[in-house]
Protein chains: 2
Amino acid sequence: MTAKPARGRPRAYDPEEALAAALDEFRRRGYTATSLDHLSDATKMARPSLYAAFGNKLEIYRKAVRQYAEESAERRRRALFEEPVLDKGLEAYFGEIVAAYVSKEGEPLGCPVLSVISGEAAADPEIGAELSAAVGKTDALFLKRMTMAAEAGEIAPGADIRGLAAMLAALQHSLALRARAGTPRPELQAIARAHVTLALRAAGAARPN
Amino acid sequence: MTAKPARGRPRAYDPEEALAAALDEFRRRGYTATSLDHLSDATKMARPSLYAAFGNKLEIYRKAVRQYAEESAERRRRALFEEPVLDKGLEAYFGEIVAAYVSKEGEPLGCPVLSVISGEAAADPEIGAELSAAVGKTDALFLKRMTMAAEAGEIAPGADIRGLAAMLAALQHSLALRARAGTPRPELQAIARAHVTLALRAAGAARPN
DNA sequence: GTCATTTTGTACCACTTCGCAAAAAATTAA
DNA sequence: TTAATTTTTTGCGAAGTGGTACAAAATGAC
């Protein structure tokens, strides 16, 4: 990843930083309310540069989300799967989720996807697809983990694997929404813990507490 | 509620119909993406009439939501409380929720509040308050119902009342989001049923099935 | 009919929106 | 130096934004 010497005028911005700044802007304002001028200010790139580098508004958003997902979601996936004990894996996963849904300054901003494009998803098919894909990925993740847990005998035989996965996804959706509504971080953590505990009890799991 | 003879030129619109049409527009497009022109078209009211009748955009939205809430949320509240058996009450409640989150034509549009203003809630304090209030009302509703159930001995003594209430609220949040992402009605129903069943099991409730 | 009253319709305001064309600047290669 | 290449900068344009002023229209009261 060393910088190539390039040929023409060197670019005055770092694409990764720019996309991170753009995502932050989207996260604060919502998709539609974020204008290219806002993005231009946040990234310190002139509008035509933005356009040349990333494309139109939707493409900027998509690229910003992809960068975020590759960095953040991967860490969450590991938290969920590299811990063999289901209870602890879920604890770690939702710890990462809560951390991701709160800004560095502590503001509960919610999810860069769920909390940001929900409003536009019904009217714009492309954005609808984006939201649907995000939901689907989370579902698949939990379904896989619950299947693993069932095979490992961590949850009662005959338990409703799909239902349990959906129940955990619901927690994630709820955390995104609550964060967006301003619920502070400690409360989000408490909600996550209680929900996981109850879900495991419903699963007939080996009692953690 | 009979129409008063009034004095000046009679209004050419029905306020209730206009607010319903406005809410539908908000629901389809999201808050920011819905312009006064869109509302003007949908309600067949000229923009100045809209303004004179309901106020600015945010007030139009608020009044449209209030009308929806008074009509729809009241029915849900009754479904939840007038059925003494917890299981059946929850079934009825979420049946109403799913119905409300799908349009008459069958399009899964989500919640007129949760799915519509989530994007704007972080940037605009007034909208943030609106979202927060909506979340809080649902929480209070479930908390009250679970407290009743505990007193009636429908759930295990010492059960986590707050946690269970939050878990049911999470289902509602998840249904709003999934509907917004295009999940068809039968699937929403199935998700709701499974979630309620699992939540009741976690509560140590009298087994329904 | 005439007046007061209320709603409607037309037109407009200042501002913002996305997107782009074209020129200027900064660099490497020759 | 000159040429080639890439990025930045300036500025524009057509459309849309929320909001409003003001005259025209439609009614009941007198």
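Residues numbered from 1 in each chain as written. Chains lettered and ligands numbered in written order. Predicted model: local features only at pLDDT ≥ 70, side-chain atom pairs only at ≥ 80, totals over all residues. Heavy atoms only, no water.

Peer 1: Could you clarify how one ought to interpret the relation of the copies chain A and chain B in this entry?
Peer 2: One copy of the chain maps onto the other through a rotation about an axis followed by a shift along the same axis. Expressed as a screw operation, the relation of chain A to chain B combines 0.0 Å of axial shift with a rotation of 180 degrees, fitting to an RMSD of 0.0 Å. In symmetry terms, the pair is related by a two-fold rotation axis. For chain A, the residue whose C-alpha comes nearest the rotation axis is A:Ala202, separated from it by 2.1 Å. An overlap of 100% is found between the interface residues of chain A and their copies at the interface of chain B, pointing to a shared contact surface. (Least-squares fit on C-alpha atoms with pLDDT ≥ 70 in both. Contact = heavy atoms within 4.5 Å.)

Peer 1: Honestly, the environment of A:Leu175 in this entry has me stumped. Any pointers?
Peer 2: Residues and elements named next belong to chain A. You can see Leu175 is positioned in helix α8 (residues 161-180). Sequence separation between Leu175 and Glu187 is 12 residues; the distance between their C-alpha atoms is 10.0 Å. With near-sequence residues (within four places) excluded, Leu175 lies in contact with Phe94, Ile97, Val98, Tyr101, Leu188, Ile191 and Ala192. (Helix = DSSP H or I, 4+ residues; strand = E, 2+ residues; numbered from the N terminus.)

Peer 1: Is there a simple way to think about the interface of chain A and chain B in this case?
Peer 2: Accessible area lost on assembly of the parts is the figure often given for the size of an interface. At the interface, 39 residues of chain A touch 39 residues of chain B. Interface of chain A and chain B: buried area, both sides summed, is about 3100 Å²; carbon and sulfur atoms make up 66% of it. Area buried by chain A at its contact with chain B is led by A:Leu177, A:Arg178 and A:Leu198, which between them contribute 19% of it. Counting the contacts that link chain A with chain B gives two salt bridges. Between B:Arg178 and A:Asp139 there is a salt bridge, and its shortest N-O distance comes to 2.7 Å. Where chain A meets chain B, there are 15 residue pairs in polar contact (both at pLDDT 80 or more). (Buried area = accessible area lost by both parts, 1.4 Å probe. Salt bridge = Lys/Arg side-chain N within 4 Å of Asp/Glu carboxyl O. Polar contact = N/O pair within 3.5 Å; in protein donor to acceptor, adjacent residues only side chain to side chain.)

Peer 1: Any chance you could explain the packing of aromatic side chains here in plain terms?
Peer 2: The description of an aromatic ring pair rests on the distance of the ring centres and on the angle between the ring planes. Throughout the structure, instances matching the rule amount to 12 aromatic pairs over all chains. On the numbers, 5.6 Å between centres and 10 degrees between planes, the contact of B:Phe26 with B:Tyr31 is stacked. Assessed through its relative accessible area of 9%, B:Tyr31 is described here as buried. Judged by centre distance (5.1 Å) and plane angle (85 degrees), the ring pair of B:Tyr93 and B:Phe94 falls under edge-to-face. Judged by relative accessible area, B:Tyr93 falls into the buried class, the value being 1%. Judged by its relative accessible area of 2%, B:Phe94 is buried. Among the aromatic side chains, those forming a connected cluster through ring pairs are A:Phe26, A:Tyr31 and A:Tyr61. (Phe/Tyr/Trp six-rings, centres within 6.5 Å; stacked < 30°, edge-to-face > 60°. Buried < 20%, exposed > 50% of the residue type's maximum accessible area, 1.4 Å probe, protein only.)

Peer 1: Before we go on, may I ask you to explain the protein's contact with DNA strand C in this structure?
Peer 2: Around DNA strand C, the structure places 24 residues, and the nearest of them are A:Arg7, A:Leu36, A:Arg47, A:Tyr51 and B:Ala12. Of all DNA strand C atoms lying within 4 Å of any protein atom, the proportion belonging to sugar or phosphate reaches 70%. In this structure, A:Arg47 approaches DNA strand C through a side-chain N or O atom, which is 2.4 Å from a base oxygen. A distance of 3.0 Å is found between a base oxygen of DNA strand C and a backbone nitrogen or oxygen belonging to B:Arg9. Elements supplying a minimum of two residues to the surface near DNA strand C: α2 (36-43) and α3 (47-54) of chain A together with α3 (47-54) of chain B. Looking at the surface near DNA strand C, its residues break down into eight nonpolar, seven polar and nine charged. (Near = heavy atom within 4 Å. Nonpolar A, V, L, I, M, F, W, Y, C, P; charged D, E, K, R; others polar.)

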